[in-house]
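# Working through the structure, step by step
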Amino acid sequence: MSRWVLAGLKTGIVTTGYPREEESAPGVTPGRPRGGEVADPAKIVARCPSGAISAAGGGVVIDRRRCVHCSACRGDLPWEETYEWATVAAAESGLGRPFRGSLHVLVVDAGSCGACLSEVRQLNNPYYNMHRLGFFITPTPRNADLMLVLGPVTAHMHRALRVAYAAMPGPKRVIAVGTCAASGGVFGPSFAAGSGAADAVPVDVVVPGCPPPPLAVLHGLLVAAGRKEGAG
Amino acid sequence: MIALVLAFLGVIVAGMAVVLALPDRYVPRAVAAIGSVAAVLAMWVSGAALFAGNELHVGLWTIPGLGRIVLGLDRMGALFVFAAGLVFLPVSIFSAGYLPRFRGHYSLRAFGAWYLAMFGSIAFIPGCGDVLSFLVVWELMSITSYLLVVYEHERDESAHAGWLMLVISEAGTLAAAVGLLVLAVHAGSLEFAAIRAGNGGIGDGARWAVFLLSFFGFGVKAGLFPFNLWLPHAHPAAPGNVSALLSGVILNVGIYGIVRVNIDLLPPIGVGPGLVVMGIGAVTALVGILYATVEDDLKRMLAHSSIENMGIVAVGLGAGMTFLAAGRPTLGAIAFVAAFYHMVNHSVYKGLLFLGAGTVDATVGTRSMDRLGGLIHRLPWTGLAFLVGALSISALPPFNGFASEWLTLQSILRSVELSAIGVKAAFAVAGAILALTAALAVTAFVKAFAMTFLGHARSPEAERANRAPRALIAPMLILAALCLTLGVTPTYVIPTIDRAVGEYTHASATDALVPPFFLTTAADTRGLPAGFVADFHDLGAQTGRSFLPGRGLVVLHRGGKENPVVYAMSPAYTLIVLLLMLGLTAGTVWLLAARRRRVARGEEWAGGVRRLAPEMTYTATGFSQPVRVIFQAIFHPTVEEESREAAAGYFRLAIRRVQRDVYLPERLVFRPLARLAAGISAGCARMHNGKLNAYAAYVFIALIVVIAVGIIVR
Amino acid sequence: MEVERLAAALAERFGVKARVERDGGLTVPCSAADLAGVCETLFTAYDCAFAGLIVEERDGWTLRHLFYSERAIIRVVSRSDRPTFPSISARMHAADWHERAAEDLFGIAFSGHPRLGEFVLHEQWPEGTNPMRRGFDVRRPSPRPDAAAGWAPPRVLHAPGAFSMPIGPIFSGVEESVHFQLETVGEEIVRVIPRLFYNYRGVEAIARGRTIAAVLLLAERFTGTASFAHATAFSRAVEAACGVAVPVRAARLRAFIAELERLRHHTAAIHGICSSTGLAVAASQAAILEEELLRLSAGLTGHRYLFGLAVPGGLRRDLADDDCRRAAAEAGAIARRLEGLERSLARSSSFLDRLEQVGIVTADEARRYGLVGPVARASGIDRDLRVILPYGGYADLGLRVAREEEGDGYARLRVLFAEARESARLLTALADGLPDGSVSAPIQPRAGEGLGWVEAPGGAAVHWVRLDDDGAVAEWRILPPSFANWHGFHLAAEGFAFQDFPIILATFGLAAAENDR
């Protein structure tokens, strides 16, 4: 047993400084394209397989809820190495600050491919360690304050998701994690998959990305807890 | 006093006549009324002896050639009668609500008559002052209890269980009778008083013989290992109210027999018998609770638990006997007090639990815990009473089981004051076994309560359970109140029992355990360091001086100067603190939270897609499966059925698996005995070979043997 | 020569004319009547493993039963005008789930199958819904039930006190949605019924008629933890259909990235096993390595899960040789730390106690269930598509296939460690020997079908496509490794205690998303 304690101590502290400070280690985020003025908007719009890019006044705008990071537009559009991607779903009404103290998070896989799930799982690893910020994963909705919904919400998970939401005590917030949960992504809407978490439950915060890196999810949690501003 | 005894006898006899004359419709209420009156009378007489010291000793008449029949009730006997009355009173009331279910199927009149007869015989056993009347009344009790066990004679279970009980307990009675007769022959009289007076010269061999015969003989009735095979069959097979009596009263009678012979009549032999009693008690307790933990039948589970409790009583008795023999009378007195305290407690809570189980059986129609569940909604009062019983038997303060089990364990820990290493080791082992037993008891009763009353109903019967009539509920609440009362008043119970055992220990457990804290005179604090007295007064031990009678509410075992307090407890103060803390917590929560937050009620959370069905919840068998796996060597389950069916290859249709635990005494004692008997019979059968010459040879050999014996004896 | 011998034997026995394919495999046309006999002969007499069933509705019904022989893929092709075929499940259990899925999705009746009915589609769908049939409108909204699921599989365990315990689909921490029904008498789990397809997104149905680029997005994203493997397998299927050979540099880079994915996947699986046993420090150590590999991946390819790289014809972008060498060196360092972790774990008796002799799958069971990947290799079956059907230059790399015999949880863990080690070695070998050249060959879509396979991290993954005349994807089928291994999972969990269940599950390293599709 002491061997493990020693191994743990030897590793030292690897945890990120976020949200106190920016995290700039390479590879913490895949980055994402940025819209704006471009030379040939039509070419770029045609190249996007997920229909996330549309032309607007001499440039392109990117629908974050549809972009799947396929990198087809890499090289044509500037790439931003950011990760604070979470937005408030109903920006005008705001979220308020309903919570004090630590929060318990229920993670519901409603048809995700596993990448979003893996990124959420990384939040427990020593690099991100969500516990230090007062977030804890809980297996039951009974003591959950926040719900992370992953995936486009399949037909088979639709009821389970709603039952889980109903089983959460108030106040409660729902965070749609990933492009699928934001819009249905490449899968929905179809006979088997919905068009995102908002299909089934009221969504408060959206974290786009395919998948959003752990820091983006962490940003989403902080936004939902009212401890950070959402992205524009 | 004698008038009251006659009144009791009259009520029993006249009651039997009345019950036999009444139409079945009125019998339940008549049994309740007559039984209650008889119980009150019995408690009156025994109470007078127990509390006020009005002991009885009356010679009735002399039978030529056999001696005098004596009615004698000392404090010790009175304790047993009083405990019996404590159980008989509520059980009689319970019968009013319980018996009507048999109407039109079995004769209620017969039940009433046997019921009263059994009570009469049980009440008189401790009042018998001579061997002859003792054995006669004992047999009367055996037969009436047999008749009550087989009351539902159309059920094979009852008939078989009753027969088993009769055979084994008669064998035990025979052994005990032989032991008593050895004593009587030695003293030249059948009277207990004469035996007590003239027992000085018995040789060690005879003493051991009497001890072993009486201990194992009466041990059969008391449910002690290994001759308790009958108990887990008979107790559950009897009607609900009779089960309560079998466990709550008749087991005590077995203890009475052991105590009467070995503590009263037989002079001590050294530490041997005490250690035997303690060892057997420890094994009994462990085996009993193990089988109780894994048992699925609610009543059989309670029966196994009765075995366990009798084991604990025996451990206390054994410890007391050892302490006495080792010259530590005060410790002996404490151990005896603990044992009898526990016995009385067991009568009360086991009576309660069996009445609860009887109510469940009567309202649901099954005793299988796998098929029960969720009954708290249908039987809320029964559930509450059963919970009190379960807490008591699990030895949780402030209920009565805690006080006596704690005292028993503390007594065993006092073995540090003994000098012989072997004896100390035996105490340590017994203490460890008792501790394990206590832990398992909690498991067993969490299961019994939770699987019966909480969760989902696991069968349609349980879902449709009838509500219980008030006549069933009231007696359980009485017993539940008794559980609490006996639990918080050890400082009153201990002196009472101490007076009963004081005749044999010649030492006072009261002085050692219940210091007179309320009195501050010099006489009371003599021998105590002044600082210690002051400290205890500072702690509030004298609280209640102005209104509490007796010696207050603190049990405290005094040691020497270095450690003035060996152990101390006060369930009464525990209760007060408990209530204060609960109230404080509830009040705080209410102040902080409840007023501002609405309570939302929703469906159970079952993972998202399914509603939790009853067959998806833990069964009693499932709950206790880990214990079964850990103690597999003891349970030695036999596989009765193990089969797999498949449609093809790996497409499985059914896995069938039926296992049965083999009861340890059955495996260790009864099966080998049965095999031996069968072997001997087979051997005898071989002698019957039909050849005339052989028979002639047998006759000749027999003749020679007889002559040889005659010559040798002469 | 092996396939020719097989072809001759089948011709003699059943009179079928087998054809050797361009990829070295064998196509065995056979009548529905002979189907069961041919399959059984392959399975029992020639030791072929059942690989999967591909159903196509095109002028009647075509079934392709795929088998792995020692060095090739055997396709047993049977046709019928009506959706009725004989079942082969009773003879080789591996086909069980494939037939059930085909029954559910296509409405094919498999005569003689002992247990058909609700499988992929849950009870909320009206009877007779077959989403893979032509003419099914994949855009119609799904039924959304308000009532709790009425799913009640027949109870198999009959014992006093037996009960069934439902778990999930939302059950524990950060887990995929799976539902289990465990039958037990307490302590020991006697029977496990996993209910899957909570993540069923119908990707094969919605792919119909989409462009290759659009289907590539689906192939890459239906399972995120093995996305590069499946994107490659799909690309290889399209390349086979179009008769395109990828440039050697692209093939080598694909292998390089695939090994990086395998290393990360196995590290994640090891992390899962460590945390399932509650060994916190070891779990943290593995998690650190996993995150470092994710960062390494993002640094090298621009994506933490290697999305957006594989395309039919090669790779979307070239990677610089130096970057690859640096990545290989870093991965090598991580693999060495992983070895240190393995050594520490091997000395932790409390950890080993939870894995050794727990969750056993025998070699015979693994064969009959057609298990694949590390799970099968831990039960003594060392099939690895990188070796038996080499692609991407694996033939030259001298791949050492890990194999253990015990079939218990510890054997599966050792295989994971060994494969991670081997992947790190391959990374260095590949990075050092990258040839120059282009990384993409142009694709000229044409009508046709193609089979593509890779050894995904979880085991053999096979994709099959049929392209339209206009180059769109007409049909797409996936045979994912998790589908085979989920089928066999119950073998490992049955007979062990409740507390072993999550550990056994972790040692299987299953992905529900990959299985559900």
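This structure is a prediction, so every number in the text was calculated from the model and none was measured.

Moving on, we come to the domain arrangement of chain C. All names here are of chain C. By domain assignment, chain C separates into domain 1 (2–111) and domain 2 (203–516). Contact with domain 1, which involves 33 residues of that partner, is made by 26 residues of domain 2. Interface area for domain 1 against domain 2, summed over the two sides, is near 2,500 Å², with a carbon-plus-sulfur share of 60%. Our count for the domain 1 to domain 2 interface comes out at three salt bridges. For Arg64, the salt bridge goes to Glu449, with nearest N and O atoms at 3.2 Å. At the junction of domain 1 with domain 2, the criterion picks out nine residue pairs in polar contact (both at pLDDT 80 or more). For the side of domain 1 that touches domain 2, the secondary structure elements donating two or more residues are helix H2 (32–45), strand E3 (49–57), strand E4 (61–68), strand E5 (73–80) and helix H3 (96–106).

Before going further, it helps to examine the interface of chain A and chain C. Taken together, the 63 residues of chain A in the interface contact 70 residues of chain C. For the pair chain A and chain C, the summed buried surface comes to about 5,400 Å²; carbon and sulfur atoms form 60% of the total. The interface formed by chain A and chain C includes one salt bridge. Across the pair C:Arg304 and A:Glu119 runs a salt bridge, and its minimum N-O distance is 2.6 Å. Mapped onto the side of chain A that touches chain C, the elements with two or more residues apiece are helix H1 (2–11), strand E7 (103–109), helix H3 (115–122) and helix H4 (155–167) of chain A.

Helix length check: helix H16 (residues 421–453) of chain B (33 residues) gives 48 Å between terminal C-alpha atoms against 48 Å at 1.5 Å per residue, within 8%. Within two residues after H16(B), B:Gly455 carries a phi angle of roughly 75°, on the positive side.

Residue and element names in this part refer to chain A. Bridge analysis of strand E2 (residues 36–37) against strand E4 (residues 59–62) gives two bridges, and the strand direction is antiparallel. The partner of Glu37 across the bridge, within E4, is Gly59. Relative to E4, strand E3 (residues 53–56) runs antiparallel, the two being bridged by four bridges. Among the inter-strand pairings, Ser54 is bridged to a residue of E4, identified as Val61.

Further remarks concern the side chain of C:His490. With respect to the helices and strands, the residue C:His490 is situated in helix H15 (residues 481–493). Since its relative accessible area comes to 10%, C:His490 is described here as buried. What C:His490 contacts, discounting residues up to four positions off in sequence, is B:Arg652, C:Val192 and C:Tyr369.

Right, let's talk about the interface of chain A and chain B for a bit. Each partner contributes to the interface: chain A provides ten residues, whereas chain B provides six residues. In total, about 590 Å² of surface goes out of reach between chain A and chain B, with carbon and sulfur atoms giving 53% of it. Of all residues in chain A, A:Arg142, A:Arg159 and A:Ala160 give up the largest surface area on contact with chain B, accounting jointly for 57% of the area buried on that side. Applying the counting rule to chain A against chain B returns zero salt bridges. Applying the counting criterion to the chain A and chain B interface returns zero residue pairs in polar contact (both at pLDDT 80 or more).

A separate point is the nonpolar core. In terms of nonpolar packing, the biggest core is built from 205 residues, with B:Leu317 and B:Phe340 touching the most fellow members. Setting aside residues up to four positions removed in sequence, B:Phe340 forms contacts with B:Met76, B:Leu79, B:Phe80, B:Val259, B:Leu317, B:Ile497 and B:Val501. Grouped together as the second largest cluster of nonpolar side chains are 193 residues, C:Leu35, C:Leu341, C:Tyr410 and C:Ala512 included.

Once that is clear, we can look at the sheet that holds strand E11 (residues 205–207) of chain A. In any sheet, the strands associate via hydrogen bonds between backbone groups, in a parallel or an antiparallel arrangement. All names here are of chain A. Taking strand neighbours across the sheet as the criterion, the six strands line up as E6-E11-E10-E9-E7-E8 in an open arrangement whose pairing is mixed. Edge positions in the open sheet fall to strand E6 (87–88) and strand E8 (135–137), since each of these has one partner strand only. Where strand E10 (residues 173–177) and E11 come together, three bridges link them in parallel fashion. Counted as the bridge partner of Val177 is Val207 from E11. Lying on the sheet, H3 is in contact with E7, strand E9 (146–150) and E10; it crosses E9 at an angle near 145°.

What follows is about the confidence of the model for chain A. Across chain A, the average pLDDT comes to 86, with 97% of residues at 70 or higher. The weakest mean pLDDT in chain A belongs to E2(A) at 80; the strongest belongs to E9(A) at 93.

Parameters and conventions
Counting of residues starts from 1 at the beginning of each chain's written sequence and follows it residue by residue. For this description, chains carry letters from A and ligands carry numbers from 1, given in the order in which they are written. A pLDDT threshold of at least 70 governs which residues receive local features in this predicted model, and a stricter bar of 80 or more applies before side-chain atom pairs are shown or counted, although totals over entire chains, interfaces and linings include all residues. Hydrogen atoms and water are omitted, and side-chain values are computed over all heavy atoms in the structure. As annotated, the domain borders come from an automatic or database domain assignment. Contacts: residue pairs with any heavy atoms within 4.5 Å of one another. Buried surface area refers to the total accessible area, computed with a probe of radius 1.4 Å, that the two partners give up upon joining, counted for both partners together. One side-chain nitrogen of Lys or Arg within 4 Å of one carboxyl oxygen of Asp or Glu is enough to make a salt bridge. Side-chain atoms alone can form a polar contact between residues adjacent in sequence; in general such a contact is a pair of N or O atoms within 3.5 Å, and within protein one must be able to donate a hydrogen while the other accepts it. Helix and strand definitions here come from DSSP, where helices need a minimum of 4 consecutive H or I residues and strands a minimum of 2 consecutive E residues; each element is numbered from the N-terminal end. Residue count minus one, scaled by 1.5 Å, sets the expected span of a helix. Here, any two strands with at least 2 DSSP bridges between them count as paired. Summary of the burial criterion: residues with accessible area below 20% of their type's maximum are buried, those above 50% are exposed, and those between are partly exposed, where the area comes from a 1.4 Å probe applied to protein chains only. Buried Ala, Val, Leu, Ile, Met, Phe, Trp, Tyr and Cys residues form a nonpolar core when they are joined through side-chain atoms within 4.5 Å. Structural elements are reduced to axes, namely lines fitted to C-alpha atoms, with helices fitted over the stretch in contact, and the angle between N-to-C directions of any two is expressed from 0 to 180 degrees. Confidence scores per residue from the predictor, reported as pLDDT, run from 0 to 100.

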